[in-house]
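Structure at a glance
Next come the chains, spelled out residue by residue.
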Amino acid sequence: MGVSREVVVAALSSKLKPTYLNVVDTSGGCGASYLLEIVSPSFEGKRLLERHRLVNAALAEEMKQIHAFSVKKALTPQQWQEECNNIATSKK
């Protein structure tokens, strides 16, 4: 049995205080597989592996019921802003 998207969002929101969060259930609705993009000030000064560990720690209880979990992006707010600016610049 999986975990609902809402539970994943709530856990990440309460523990990492993201400024942007996109959680996609890639399991067809059963809650066993998720794809995640997260932007959080908690990631400041941390390497990618440390950021992933923070996400995993925030979802420690939920991970017991999740089969697959992929963090597509784990960025600081500054990195997110730079990425958004690069996308906007490339579209001009």
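Residues numbered from 1 in each chain as written. Predicted model: local features only at pLDDT ≥ 70, side-chain atom pairs only at ≥ 80, totals over all residues. Heavy atoms only, no water.

As recorded in an unreviewed UniProt entry, the protein chain goes by the name BolA-like protein, listed as coming from Ceratopteris richardii. Check the Sequence similarities (unreviewed entry) section of the UniProt entry for the protein chain; it says "Belongs to the BolA/IbaG family." (UniProt positions renumbered as here; feature names shortened; annotations may be inferred.)

So, on to the confidence of the model for the protein chain. A residue-level look at the protein chain finds 98% of positions with pLDDT of 70 or above and a mean pLDDT of 93. Considering each helix and strand of the protein chain separately, the mean pLDDT is smallest for helix 3 (residues 77–90), with a value of 88, and largest for helix 2 (residues 48–58), with 97. (pLDDT = per-residue confidence, 0-100. Helix = DSSP H or I, 4+ residues; strand = E, 2+ residues; numbered from the N terminus.)

Right, let's talk about helix 2 for a bit. Taken together, the buried positions of helix 2 are occupied by Arg 51, Val 55 and Ala 58. Buried positions in helix 2, seen along its axis, are confined to an arc of 65° and lie on one side of it. Of the residues in helix 2, the exposed ones pointing more than 90 degrees away from the buried face are Leu 49, Arg 53 and Ala 57. Buried residues belonging to helix 2 abut helix 1 (5–16), strand 2 (33–39), strand 3 (68–75) and helix 3. (Buried < 20%, exposed > 50% of the residue type's maximum accessible area, 1.4 Å probe, protein only. Arc of directions from axis to C-beta. Contact = heavy atoms within 4.5 Å.)

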